Amino acid sequence: MENMPGAKLPRTWESLFGAQAFLPVIVKTIEKIHDTSWSMDVNYHDHFEMVYFKRGEAVFQVAGTDVPMSVNDIIIIKPHQAHKFIVRSKGGCEFFVLSFKFTSTTDGHASDLSLTDFIEFVNDESTAFINLKLNRKNEIVGVLNRILREHDRQQIWSDYLCYLMIMELFILISRNLKQEWEQSIRSRSVKLKELLNISKEYINANYSRELSLSDVAGYIFLSESYFAHTFKDEFGISPKKYLLNVRIDAAKDLLANTDQKINDIAKEIGFSSQQRFNDIFKKYEKMTPLHYRKQEKTKRINFAG
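Just so you know, these numbers come straight off a predicted model, no measurement behind them. (Residues numbered from 1 in each chain as written. Predicted model: local features only at pLDDT ≥ 70, side-chain atom pairs only at ≥ 80, totals over all residues. Heavy atoms only, no water.)

A. Helix α6 (residues 224-235), seen in detail. Taking 1.5 Å as the rise per residue, α6 with twelve residues should run 16 Å; its terminal C-alpha atoms sit 16 Å apart, in good agreement. Of the residues flanking the end of α6, it is Gly 236, one or two places downstream, whose phi is positive at about 75°. (Helix = DSSP H or I, 4+ residues; strand = E, 2+ residues; numbered from the N terminus. Expected span 1.5 Å × (residues − 1).)

Structure representation (structure tokens):
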């Protein structure tokens, strides 16, 4: 992203941009109108291409998949994907294209990767595109129009404002995708149960590392609030408490059957400090880890005797 000549970047923006490994850069914006007589060869791009349909109907062919497009639909085509589109409506179609890429803040090289903190689907290599069906008043449509207006103005700070709006765009897209996913599984209880069981397996396999509610919810692509609510409904326990139960059970096994130091056990089962481990263990077992170890040792001696 290029600075405007003679412009000094505001300090708060310096921090924001400095924290990002890659910055989004608009390659071009195009507004087009085509009718059914128009034809197109297969295209490949080294950048992302977002197409917003304003009028008419067409079919996008992306990596061998037909994607019907109509008013207020958006498609995001990932880099290096073969694509073309065919106009279907007799009155033609009108759309605009926002092409962008992510450039390294250190060496300026372009990346095929997106801002992973803002949209999970973009980095999914199994998908060649993302398709959204919106209404005219959707926030995503509003942000797209603001980006195009600002990009065309080319005033001081336009590049930076476009960058901020693209980040906003990705946040909104991420939320929209999650909402669509959640709505699709609400009517499929079997699928939801399958996802919740997968989340339990994920916790069981990863309890020893730093694991947040966001990590687990993101693994099955649900929002934190919806995941927490449905997990408790399904299993009768919150995901946070379930994680603690798994950790405490692992700790009890290590305390009873090994001579590991308590500090090492705390780290091994995912606690940030021995003190936190001691506090949680005592809350759950009504005794300290050391007391529990001595109790189990006494039981073994009595049993052996």
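Now that the structure is up, let's keep going.
B. Structural view of helix α7 (residues 239-257). In this model α7 runs 27 Å from its N-terminal to its C-terminal C-alpha over 19 residues, within 8% of the 27 Å that 1.5 Å per residue would give. Regarding α7, the residues found buried are Pro 239, Tyr 242, Leu 243, Leu 244, Val 246, Arg 247, Ile 248, Ala 250, Ala 251, Leu 254, Leu 255 and Ala 256. (Buried < 20%, exposed > 50% of the residue type's maximum accessible area, 1.4 Å probe, protein only.)

C. Inspection of the nonpolar core at higher detail. Residues Met 50, Ile 74, Ile 140, Leu 144 and Leu 169 are the most contacted members of the largest nonpolar core, which totals 26 residues. The dominant element in this core, judged by the number of residues it contributes, is helix α3 (residues 158-186), at eight residues. Within the second largest apolar cluster, 17 residues are counted, among which are Leu 195, Leu 211, Tyr 242 and Leu 243. (Core = buried A, V, L, I, M, F, W, Y, C linked by side-chain atoms within 4.5 Å.)

D. How the structure looks around the confidence of the model for the protein. Residues of the protein with pLDDT of at least 70 account for 78%, and the chain-wide mean is 79. The low-confidence segment residues 15-19, where pLDDT is below 50, has eight contacts with residues more than four positions distant or belonging to other chains. (pLDDT = per-residue confidence, 0-100. Contact = heavy atoms within 4.5 Å.)

E. Seen up close, the sheet that holds strand β6 (residues 83-87). As summarised here, the arrangement of the three strands in space is β4-β3-β6, forming an open sheet in which the pairing is antiparallel. Two strands bound the open sheet, and with one partner strand each, they are β4 (65-69) and β6. Neighbour-to-neighbour, the strand axes of the sheet open up by a mean angle of 20°, direction not taken into account. (Pairing = 2+ DSSP bridges. Axes fitted to C-alpha atoms, helices over the stretch in contact; angles between N-to-C directions.)

F. Main features of the side chain of Asp 73. One can find Asp 73 in strand β5 (residues 73-77). Side-chain polar atoms of Asp 73 contact the backbone nitrogen of Ser 70, separated by 2.8 Å. Here Asp 73 is in contact with Val 51, Tyr 52, Phe 53, Pro 68, Leu 132, Lys 133 and Leu 134, once residues within four sequence places are set aside. (Polar contact = N/O pair within 3.5 Å; in protein donor to acceptor, adjacent residues only side chain to side chain.)

G. Summary view of the environment of His 47. Considering the arrangement of structural elements, one finds His 47 in the loop between β1 (22-34) and β2 (48-55). Taking C-alpha positions, His 47 is 5.8 Å from Phe 100, a pair spaced 53 residues apart along the chain. Only 3.2 Å separates the side chain of His 47 from the side chain of Asp 46, close enough to count as a polar contact.

H. Just a positive patch on the surface, in detail. The grouping of Lys 232, Lys 240, Lys 241, Arg 276, Lys 283 and Lys 286 at the surface amounts to a positive patch. Accessibility expressed as a relative area gives 38% for Arg 276, which makes it partly exposed. (Patch = residues over 30% accessible without salt bridge, like charges linked within 9 Å, V, L, I, M, F, W, Y side chains within 5 Å. Areas by Shrake-Rupley, 256 points an atom, 1.4 Å probe, with all protein chains shown as cover. Salt bridge = Lys/Arg side-chain N within 4 Å of Asp/Glu carboxyl O. Lys, Arg positive; Asp, Glu negative; His and termini not counted. Charge placed at Lys NZ, Arg CZ, Asp CG, Glu CD.)

I. Seen up close, the pattern of salt bridges. Throughout the structure, instances matching the rule amount to six salt bridges. One salt bridge connects Glu 94 with Arg 55, and the closest N-O pair in it is separated by 3.6 Å. Of this pair, Glu 94 sits in strand β7 (residues 93-104) while Arg 55 sits in strand β2; the two residues are 39 residues apart in sequence, bridging distant segments of the chain. Glu 94 sits in the buried class, given a relative accessible area of 18%. Among the residues examined, Arg 55 registers a relative accessible area of 33% and is labelled partly exposed. Residue Asp 73 pairs with Lys 133 through a salt bridge whose shortest N-O separation is 2.9 Å.

J. Focus on the packing of aromatic side chains. Taken as a whole and assessed by the stated rule, the structure comprises 13 aromatic pairs. Between Phe 53 and Phe 60 the ring centres are 6.4 Å apart and the planes differ by 80°, which places this aromatic pair in the edge-to-face class. Summarising the burial analysis for this pair, Phe 53 and Phe 60 share the class buried. Taken together through their ring pairs, the aromatic side chains of Phe 53, Phe 60, Phe 85 and Phe 95 make up a single cluster. The aromatic ring of Phe 235 is capped on one face by Lys 200, whose charged end is 4.3 Å from the ring centroid. Positioned above the aromatic ring of Phe 271 is the side chain of Arg 247, whose terminal nitrogen or guanidinium carbon lies 5.7 Å from the ring centre. (Phe/Tyr/Trp six-rings, centres within 6.5 Å; stacked < 30°, edge-to-face > 60°. Lys NZ or Arg CZ within 6 Å of the ring centre and 35° of its normal.)

K. Broad picture of the packing of α7 against helix α9 (residues 274-285). Relative to each other, α7 and α9 sit at 95°, their axes nearing to 11 Å. When the interaxial angle is binned, α7 and α9 end up roughly perpendicular. From α7, Lys 241, Leu 244, Asn 245, Ile 248, Ala 251, Lys 252 and Leu 255 reach across to α9, where they touch Phe 277, Ile 280, Phe 281, Tyr 284 and Glu 285. Partitioning the contact of α7 with α9 into residue classes produces eight nonpolar, one polar and three charged. (Parallel < 35°, antiparallel > 145°, perpendicular 65-115°, else oblique. Nonpolar A, V, L, I, M, F, W, Y, C, P; charged D, E, K, R; others polar.)

L. Examining the side chain of Asn 206 more closely. The residue Asn 206 is located in helix α4 (residues 189-206) in this model. Of the polar contacts made by the side chain of Asn 206, one reaches the backbone oxygen of Tyr 202; its length is 2.8 Å.

M. Expanded view of unusual backbone geometry. Despite not being glycine, Ala 63 has its phi angle at roughly 50°, a positive value. Position of Ala 63 relative to the elements: it lies in the loop between β3 (58-62) and β4. We classify Ala 63 as partly exposed; its relative accessible area is 44%. Positioned with a positive phi, Lys 286 is a non-glycine residue whose angle comes to about 60°. Relative to the helices and strands, Lys 286 is located in the loop between α9 and α10 (289-304).

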